[in-house]
Amino acid sequence: MTLAQAQPQSLEFDCETGNYHTFCPISCVAWLYQKIEDSFFLVIGTKTCGYFLQNAMGVMIFAEPRYAMAELEEADISAQLNDYEELKRLCLQIKRDRNPSVIVWIGTCTTEIIKTDLEGLAPKLEDEIGIPIVVARANGLDYAFTQGEDTVLAAMANRCPTSADVTTPEEKEERGGIQKFLGLGRKKTDTTTHSDADETHYHDHPNLVLFGSVPDPIVTQMNLELKKQGIKVGGWLPAKRYTELPVLDEGDYVIGMNPFLSRTATTLMRRRKCKLIGAPFPIGPDGTRAWIEKICSVFNIEPKGLEEREAKIWASLEDYIALIRGKSVYFMGDNLLEISLARFLIRCGMTVPEIGIPYMDKRYQAAELALLEKTCHEMNTALPKIIEKPDNYNQLQRIQATRPDLVITGMAHANPLEARGINTKWSVEFTFAQIHGFANARDILELVTRPLRRNNNLKEMGWDKLIKEEAKV
Amino acid sequence: MKLAYWMYAGPAHIGTLRIASSFKNVHAIMHAPLGDDYFNVMRSMLERERDFTPVTTSVVDRNVLARGSQEKVVDNIVRKDQEESPDLIVLTPTCTSSILQEDLENFVERAQLDAKGDVMLADVNHYRVNELQAADRTLQQVVQFYIDKARKQGDLDTTKTAKPSVNILGITTLGFHNNHDRTELVRLMGDLGIEVNLVVPDGASVHDLKKLPQAWFNLAPYREIGPMTTQYLQAEFDQPTVEINPMGIVETARCIRAIQATLRAQGADVDYEPFIDEQTRFISNAAWFSRSIDCQNLTGKKAVVFGDNTHAAALTKVLTREMGIHVLLAGTYCKYDADWFREEVSEYCDEVLISEDHGAIADKIAQLEPAAIFGTQMERHVGKRLNIPCGVIAAPIHIQNFPVGYHPFVGYEGANQLVDLVYNSFTLGMEDHLLEIFGGHDTKDAITKTMSADTDLGWTTDGVKELNRIPGFVRGKVKRNTEKFARDRGISKIDAEVLYAAKEAVGA
């Protein structure tokens with residue numbers, strides 16, 4: 001009898017620096033303009049950028065568009081026109097037409113290459129037109145897909161006021177960042193009895209701000225989760241409105257919702273002198289529990305009922321987990337949520353041979369990577385190989401060779417893989433779906449199991465491969 | 001700088017890639033930053049393409065910028081040549097990488113030393129031309145490249161085929177109903193006893209391009225993509241061109257008559273008049289529709305038409321000549337080719353609009369209040385807002401423009417399809433109107449109503465607010481499940497916390 005081949009005991013990392021596909025980081029405009037309701041996003045780029053947002057992202061403009069392109073033309077590129085005057089003209093028009101509370105300039109690859117000094121132009125123009133201008137360089141030379149949000153939030157982190165800036169009670173309340181109707185996040189200056197009654201539920205802990213753009217229901221759910229532990233959320237970056245950006249003081253605590261926000265984390269630590277709580281991300285019941293526990297431990301609070309809570313969620317997921325247990329899932333790499341999703345799916349009993357990821361910040365994701373490793377050991381499965389900047393062509397060869405049960409991939413490869421009898425799920429769906437927190441674990445599995453359920457329905461038809469010959473990939 | 005909210009035509013590299021990936025066994029290398037490569041997504045998603053899009057991005061990132069991209073681009077071309085042995089590799093930059101002012105021609109020469117297949121640089125100015133112009137130009141460039149190559153190798157046979165034959169030029173991937181138009185045109189040529197020499201570029205092999213001069217004539221159905229190639233072939237080989245878009249009964253007949261004249265001039269004894277008559281009066285239903293009582297109701301109805309040159313001009317003619325509809329305004333976004341459009345439509349409409357600004361068209365529509373619009377997805381959207389029905393007749397393409405069933409726009413079947421499109425646009429508008437009068441739609445908001453009269457359940461303000469945030473299409477289900485959950489547990493007031501507890505418990 002021979003022993004099974006020894007499995008590596010720690011995670012293996014590789015960087016292929018290959019030719020890979022992800023969406024452009026300016027994609028973040030699609031969800032951020034909806035999240036920040038009083039904003040206007042101006043993407044300063046070329047026709048290529050504009051057509052991307054319109055056609056590939058399918059962002060349709062509506063009656064009151066709150067994003068637009070500042071389309072660079074030949075005269076801009078050859079520096080025949082004055083950038084300042086051009087941007088001023090456009091921003092004045094935006095002010096006239098929409099009067100937003102903030103204009104976010106999204107720099108692109110082109111502004112990088114022609115070296116437009118957006119950060120230099122913004123303060124002067126801001127003074128001149130009287131609207132704050134936030135500059136984010138969401139370019140594809142430095143960033144991938146979801147990291148676009150990271151550049152915007154990092155820029156906005158610098159715009160959060162300190163408590164010295166916020167003097168009126170009204171503004172304090174607004175900056176509390178939390179919907180009033182929940183009776184949360186009120187300052188001591190509040191006098192309503194309701195608030196006072198609530199106040200008693202909370203432990204006395206330092207200010208905590210959560211960062212990451214998540215849909216409003218997730219905001220409410222996470223606030224409630226932390227409220228159950230007696231933790232009061234001091235605000236969210238970003239808030240629903242630019243004017244409601246949270247108060248940030250030196251020494252305040254911050255924690256991220258998403259794995260792609262490393263730059264925002266760094267800015268909050270270095271520029272705002274906040275303390276970052278490094279935790280796995282609140283994706284899946286295991287991640288959510290670890291995330292809450294970490295916050296509790298930092299604040300010296302004994303967490304209540306989390307173990308039972310997690311167990312209950314797992315029990316409720318059993319019908320979905322039965323469909324995927326023992327199956328393999330391959331991440332081609334797209335939105336930087338890969339590690340968290342892989343960790344959750346391994347906990348569900350899946351195996352993961354490879355995780356492609358466009359960018360890996362091992363420090364910001366340290367706790368998540370540690371949990372991934374721990375999960376693999378506990379589930380007694382092989383550790384996945386993590387490949388940064390993968391080469392899509394090589395990946396497709398590996399997929400053809402190993403034929404995983406499910407491939408989570410960008411949109412460009414989904415249909416061709418399906419035609420070759422390989423189940424796929426679009427990675428972007430995880431970017432847009434509500435996947436955070438305890439309750440939404442079910443939504444992740446709803447997405448993950450959908451191709452498997454669909455293809456179970458089609459199984460008896462014998463339509464596995466829908467191409468004539470095995471085309472060269 | 002231009003403040004832009006919407007684009008009717010894409011950037012130049014999209015046009016180049018549409019040509020390259022239409023050919024069989026041609027690969028394109030995009031020299032571009034991450035994210036510029038969404039062409040692959042469009043082709044795979046919009047066209048539901050089963051094969052991997054033959055386009056690879058040679059990613060330009062900070063390191064590549066610092067070190068220069070020649071090595072990387074050349075390596076990627078040679079690598080792709082080895083991996084897939086394409087006949088041709090087309091290198092294209094994008095708007096962004098084109099401003100790096102690199103000697104891409106030199107990259108191509110370098111790569112050609114090691115590559116077995118051919119390598120070429122798409123010669124397009126990314127700031128001066130759009131998708132359509134770039135596609136037209138790239139097609140001509142590829143054709144010329146292979147004609148020159150054959151000539152150099154003494155391999156160019158310009159003898160005409162024995163029987164009358166045609167090259168159909170300009171059918172591409174991601175074209176508006178191009179796949180169906182192709183089938184219809186090939187069928188039409190078959191009916192006319194004309195052999196199809198080549199269809200280019202869709203599904204063509206570059207090695208066959210040297211056979212182009214053997215056809216008796218070239219047919220370029222689209223004004224946007226194809227004419228540069230037909231002009232080149234006409235200049236080079238004196239090969240006649242038919243550039244009439246056979247859309248609608250009248251123009252289809254005019255196109256066939258032009259073909260007839262071309263063939264007769266070359267000595268073929270053809271008479272297509274009986275065919276045209278048979279098709280028009282007895283086989284196609286479009287002419288009969290014009291005569292039918294249904295069409296009477298369309299008489300004098302007012303419409304606005306907007307699209308690319310080909311489709312907007314064709315629709316304007318069909319509406320006015322074949323259906324008696326009054327075209328208030330005909331417009332195109334092909335600004336670069338405005339004269340042609342004006343000449344084609346001026347006599348059929350009150351007003352001509354040449355603009356790339358969707359706002360200008362929307363304002364016109366709002367002001368003219370037509371009974372129907374025939375435009376792009378954008379005008380459909382405008383129509384929705386103004387409650388005016390809109391039939392989509394032109395790109396920018398949308399997944400809805402790749403119907404699974406057969407919907408050509410050209411030829412006799414295309415004429416039938418147009419009739420359906422026009423008729424349904426108007427009648428659906430009427431139905432909508434009636435529905436509104438009789439209140440036939442679903443009640444808008446069920447949130448505030450309780451499920452039954454004796455229920456003692458109530459929603460708190462925050463509960464309702466939270467419920468309202470749940471997408472409309474599942475809200476009803478979530479509400480029912482939550483109320484069931486609350487009733488089971490004897491909870492009488494549902495707040496946000498209860499809502500989420502219920503979601504957790506029942507997976508609502």
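Thresholds, definitions, all that
- Residues numbered from 1 in each chain as written.
- Chains lettered and ligands numbered in written order.
- Predicted model: local features only at pLDDT ≥ 70, side-chain atom pairs only at ≥ 80, totals over all residues.
- Heavy atoms only, no water.
- Helix = DSSP H or I, 4+ residues; strand = E, 2+ residues; numbered from the N terminus.
- Rg over C-alpha atoms; globule rule 2.2 N^0.38 Å.
- Contact = heavy atoms within 4.5 Å.
- Areas by Shrake-Rupley, 256 points an atom, 1.4 Å probe, with all protein chains shown as cover.
- Domains from an automatic or database assignment.
- Buried area = accessible area lost by both parts, 1.4 Å probe.
- Salt bridge = Lys/Arg side-chain N within 4 Å of Asp/Glu carboxyl O.
- Polar contact = N/O pair within 3.5 Å; in protein donor to acceptor, adjacent residues only side chain to side chain.
- Nonpolar A, V, L, I, M, F, W, Y, C, P; charged D, E, K, R; others polar.
- 1 Å grid on protein atoms, 1.4 Å probe; cavity = no way out; pocket = protein on both sides within 12 Å on 5 of 7 lines; lining within 4 Å.
- Points joined across faces, edges and corners; volume = space filled by probe spheres on them.
- Pairing = 2+ DSSP bridges.
- Axes fitted to C-alpha atoms, helices over the stretch in contact; angles between N-to-C directions.
- Buried < 20%, exposed > 50% of the residue type's maximum accessible area, 1.4 Å probe, protein only.
- Parallel < 35°, antiparallel > 145°, perpendicular 65-115°, else oblique.
- pLDDT = per-residue confidence, 0-100.
- Lys, Arg positive; Asp, Glu negative; His and termini not counted.
- Phe/Tyr/Trp six-rings, centres within 6.5 Å; stacked < 30°, edge-to-face > 60°.
- Lys NZ or Arg CZ within 6 Å of the ring centre and 35° of its normal.

Engineer: How should I be thinking about the overall build of chain A in this particular structure?
Structural biologist: Counting its regular elements, chain A contains 20 helices and 14 strands. Expected size for 473 residues packed as a compact globule is a radius of gyration near 23 Å; at 23 Å, chain A falls within 12% of this value. Within chain A, contacts between residues separated by at least 24 positions form 75% of all contacts whose residues are at least 6 apart in sequence. As presented, chain A carries roughly 18400 Å² of accessible surface, and 49% of it is formed by carbon and sulfur atoms.

Engineer: It is not clear to me how the domain arrangement of chain B should be interpreted in this structure. Could you clarify?
Structural biologist: By a widespread convention, an interface's size corresponds to the accessible area lost as its parts come together. Residue and element names in this part refer to chain B. Taken domain by domain, chain B comprises domain 1 (12-130), domain 2 (289-438) and domain 3 (446-506). For domain 1 and domain 2, the distance between their C-alpha centres works out to 37 Å. Taken together, the two surfaces of domain 1 and domain 2 that pack against each other cover about 520 Å², and 61% of this comes from carbon and sulfur. The largest per-residue losses of area from domain 1 upon contact with domain 2 belong to Leu46, Arg48 and Asn130, which jointly make up 77% of the total buried on that side. Linking domain 1 with domain 2 are zero salt bridges, by the criterion used here. The interface formed by domain 1 and domain 2 contains one residue pair in polar contact (both at pLDDT 80 or more). The residue inventory of the side of domain 1 that touches domain 2, partitioned by class, reads three nonpolar, one polar and two charged.

Engineer: How should the interface of chain B and chain A be read in this particular structure?
Structural biologist: Listed per partner, the contact involves 69 residues of chain B and 91 residues of chain A. Of the roughly 6900 Å² buried where chain B meets chain A, counting both sides, 60% is carbon and sulfur surface. At the boundary of chain B and chain A, one finds eight salt bridges. The residue makeup of the side of chain B that touches chain A, split by class, is 28 nonpolar, 17 polar and 24 charged.

Engineer: Sorry if this is basic, but what is going on with empty space enclosed by the protein here?
Structural biologist: To locate leftover empty space, one rolls a probe as large as a water molecule over the atoms. Residue and element names in this part refer to chain B. For the coordinates displayed, the defined rule picks out seven cavities of 30 Å³ or more. Approximately 200 Å³ is the volume found for the largest cavity. Around the largest cavity, the lining is made up of 22 residues, and of these Arg18, Leu132, Phe176, Asp308 and Ala395 lie nearest the centre.

Engineer: How do you make sense of the sheet that holds strand E7 (residues 235-237) of chain A when you look at a structure like this?
Structural biologist: Residue and element names in this part refer to chain A. Pairing in this open sheet of four strands is parallel, and the strands run E7-E6-E8-E9 from one edge to the other. In this open sheet, the two edge strands, each paired with only one partner strand, are E7 and strand E9 (275-276). Examined bridge by bridge, strand E6 (residues 208-211) and strand E8 (residues 253-256) share four bridges and lie parallel to one another. Bridging from a neighbouring strand, Leu210 pairs with Ile255 of E8. Here helix H12 (residues 284-298) sits on the sheet in contact with E6 and E8, set at roughly 170° to E8.

Engineer: What am I meant to see in the environment of Phe341(B) here?
Structural biologist: Residue and element names in this part refer to chain B. For Phe341, the position within the fold is in helix H15 (residues 338-345). A relative accessible area of 0% means that Phe341 is categorised as buried. Separated by 13 residues in sequence, Phe341 and Ile354 place their C-alpha atoms 8.7 Å apart. Dropping the residues within four chain positions of it, Phe341 is found in contact with Asn309, Ala312, Ala313, Ala330, Gly331, Thr332, Val352 and Ile354.

Engineer: What's the story with the packing of helix H19 (residues 461-469) of chain B against helix H21 (residues 496-506) of chain B in this structure? I'm lost.
Structural biologist: Residues and elements named next belong to chain B. For the pair H19 and H21, the least separation of the axes is 7 Å and the interaxial angle reads 50°. Comparing the axis directions of H19 and H21 gives the class oblique. Contacts between H19 and H21 pair Asp462, Gly463, Glu466 and Leu467 from the former with Ala496, Leu499 and Tyr500 from the latter. In the contact of H19 with H21, the residues fall into four nonpolar, one polar and two charged.

Engineer: Explanation requested: the sheet that holds strand E11 (residues 326-332) of chain B in the structure shown.
Structural biologist: Hydrogen bonds along the backbone pair up the strands of a sheet, which may run parallel or antiparallel. Residue and element names in this part refer to chain B. Read from one edge of the open sheet, five strands run E12-E11-E10-E13-E14, paired in parallel fashion. Since the sheet does not close on itself, it has two edges, and those belong to strand E12 (349-354) and strand E14 (390-392), each with one partner. With direction set aside, neighbouring strand axes in the sheet form an average angle of 15°. Helix H14 (residues 309-323) rests against strand E10 (302-307), E11, E12 and strand E13 (372-375) of the sheet, and its axis sits at about 160° to E10. Against the sheet, H15 makes contact with E11 and E12, and its axis sits at roughly 170° relative to E12, the strand it touches most.

Engineer: Just checking my understanding: could you explain the confidence of the model for chain A for this structure?
Structural biologist: Low-pLDDT stretches of the model should not have their predicted coordinates read in fine detail. Residues at a pLDDT of 70 or more form 90% of chain A, whose mean pLDDT is 89. Counting interchain partners and residues more than four positions distant, the pLDDT-below-50 stretch residues 177-197 of chain A has 40 contacts.

Engineer: Please clarify how the environment of Tyr333(B) should be interpreted in this entry.
Structural biologist: Residue and element names in this part refer to chain B. Among the structural elements, Tyr333 can be located in the loop between E11 and H15. The class for Tyr333 is buried, based on a relative accessible area of 2%. Separated by 20 residues in the primary sequence, Tyr333 and Leu353 place their C-alpha atoms 8.6 Å from one another. In this view, Tyr333 contacts Tyr8, Ala9, Leu132, Phe306, Gly307, Asp308, Ser355, Glu356, Thr376, Ala395 and Pro396; residues no more than four positions away in its chain are not counted.

Engineer: What should I look at first to understand helix H9 (residues 227-237) of chain B in this one?
Structural biologist: In an α-helix, one turn spans 3.6 residues; hence positions three or four apart end up facing the same way. All names here are of chain B. All of the buried residues in H9 are Pro227, Thr229, Thr230, Tyr232, Leu233 and Phe237. Elements in contact with the buried residues of H9: helix H7 (131-152), strand E6 (165-171), strand E8 (217-219) and strand E9 (241-242). Count one or two residues on from H9 and you reach Asp238, which has phi positive near 55°.

Engineer: Is there a simple way to think about the pairing of strand E4 (residues 102-107) of chain A in this case?
Structural biologist: Strand residues, when the strand is regular, have side chains that alternate between the two faces of the sheet. All names here are of chain A. With six of six residues buried, E4 lies mostly within the body of the structure. Neither face of E4 is left uncovered, since the one carrying Val102, Val104 and Ile106 and the one carrying Ile103, Trp105 and Gly107 both have all their residues buried. Where strand E2 (residues 39-45) meets E4, six bridges bridge the pair, whose relative direction is parallel. Looking at the pairing, Leu42 lines up with Trp105 of E4. Two strands pair when backbone bridges link them, and E4 and strand E5 (residues 133-137) are joined in this way by five bridges, in the parallel orientation. For Val104, the partnering residue across the bridge sits in E5 and is Val134.

Engineer: Is there a simple way to think about the side chain of Asp87(B) in this case?
Structural biologist: Residue and element names in this part refer to chain B. With respect to the helices and strands, Asp87 occurs in the loop between helix H4 (70-84) and strand E4 (88-93). It is Lys24 that comes nearest to the buried, bridge-free Asp87 among opposite-charge side chains, at 7.9 Å. Sequence-distant contacts of Asp87, defined by excluding residues within four places in its chain, comprise Lys24, Asn25, Gly117, Asp118, Tyr146, Ser205, Val206 and His207.

Engineer: Can you walk me through the environment of Gly331(B) in this structure?
Structural biologist: Residues and elements named next belong to chain B. Position of Gly331 relative to the elements: it lies in strand E11. Of the residues examined, Gly331 reaches a relative accessible area of 0% and is grouped as buried. Here the alpha-carbon distance between Gly331 and Gly375, two residues 44 residues apart in the chain, equals 9.0 Å. Beyond its immediate sequence surroundings of up to four residues, Gly331 is in contact with Val305, Phe306, Gly307, Ala312, Phe341 and Leu353.

Engineer: How should the packing of aromatic side chains be read in this particular structure?
Structural biologist: Any aromatic ring pair is given by two values, namely how distant the centres are and how the planes are angled relative to each other. Enumeration over the complete set of coordinates arrives at 18 aromatic pairs over all chains. Judged by centre distance (5.4 Å) and plane angle (50°), the ring pair of Phe281(A) and Tyr364(A) falls under tilted. With Phe281(A) in the loop between E9 and H12 and Tyr364(A) in the loop between strand E11 (354-357) and helix H16 (366-379), this pair connects stretches of sequence that are 83 residues apart. We note that Phe281(A), like Tyr364(A), is buried. In this structure an aromatic cluster arises from ring pairing among Phe23(A), Trp31(A), Phe52(A), Phe145(A), Phe432(A) and Tyr38(B). A cation sits over an aromatic face here: Lys124(A) above Tyr84(A), 4.3 Å from the ring centre. When the ring centre of Phe13(A) is taken as reference, the NZ or CZ atom of Lys362(A) above it lies at 4.1 Å.

Engineer: So what exactly am I meant to see when it comes to the side chain of Thr53(B) here?
Structural biologist: All names here are of chain B. Assignment of secondary structure puts Thr53 in the loop between helix H2 (39-46) and strand E3 (55-60). Under the relative-accessibility criterion, Thr53 is labelled buried at 8%. Residues contacting Thr53, with those up to four places away along its chain left out, are Phe39, Asn40, Arg43 and Ser44.

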